Amino acid sequence: LERPGHLPQNRDLFMTGGGNGGFNLYKYHYPAARSKEAKDNHPMGVPGTLELLNSRVISTQPIISCDWSTDYEGLCCLACLDQTMRIFIVTKLGKF
C-alpha cells in the first residue's frame, strides 16, 4: 500500500496505489457511535468501515505517487516506477 490520497472536495473518498501497479478508490463510512465501553469500563474507539468503489491495474510497476487536483473534482495524477505519469478523470464522485 502506497500513500493514500484523499479527495480535497470530499474527505470520505480516497485512493491508494499498490505495488502491483493498481489503484483502489474507497469510501469511508463513519460508525454510528464514535466510542463504546470496553470490558474494563474504559472508553474505546470504534472504527468505521471502508467500501471499495473501484479498482484498476494501470501499470506493471508500482504506483509511487497519487495527487488530486484542488481545482477540479475527480482530476488526479499518478506516477509509476516505469517512468510514466498518468492523468485520470474519475467521474460520478457526486453520487457517493
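Coordinates for the structure precede this section.
Here goes a summary of the coordinates provided. Because the structure is predicted, anything quoted here is derived from the model rather than measured.

1. Regarding the environment of Pro31
Along the chain, the position of Pro31 falls in the loop between β3 (22-29) and β4 (35-37). Between the C-alpha atom of Pro31 and that of Ser59, which follows or precedes it by 28 residues, the distance is 35 Å. If near-sequence neighbours (up to four positions away) are discounted, Pro31 is found in contact with Val46, Pro47 and Gly48.

2. Quick look at the sheet that holds strand β6 (residues 49-57)
In spatial order, the strands read β1-β2-β3-β6; together these 4 strands make up an open sheet with antiparallel pairing. Only two strands of the sheet have a single neighbouring strand rather than two, namely β1 (5-7) and β6. Strand after strand, the sheet turns through a mean of 25 degrees between neighbouring axes, direction not considered. Direction of pairing for β3 relative to β6: antiparallel, over a ladder of 8 bridges. Along β6, the bridge assignment pairs Lys27 with Glu51.

3. Description of the pairing of strand β2 (residues 10-17)
Where burial is concerned, most of β2 is hidden: 7 out of the 8 residues are buried. For β1 and β2, the ladder comprises 3 bridges, and the chain directions are antiparallel. Pairing of Gly5 across the sheet is with Met15, part of β2. Examined bridge by bridge, β2 and β3 share 5 bridges and lie antiparallel to one another. By the bridge assignment, Phe14 is partnered in β3 with Tyr26. Linking β2 to β3, which pair antiparallel, is a turn of 4 residues; within it Gly21 sits at a positive phi near 85 degrees.

What counts and what doesn't
Residues numbered from 1 in each chain as written. Predicted model: local features only at pLDDT ≥ 70, side-chain atom pairs only at ≥ 80, totals over all residues. Heavy atoms only, no water. Helix = DSSP H or I, 4+ residues; strand = E, 2+ residues; numbered from the N terminus. Contact = heavy atoms within 4.5 Å. Pairing = 2+ DSSP bridges. Axes fitted to C-alpha atoms, helices over the stretch in contact; angles between N-to-C directions. Buried < 20%, exposed > 50% of the residue type's maximum accessible area, 1.4 Å probe, protein only.

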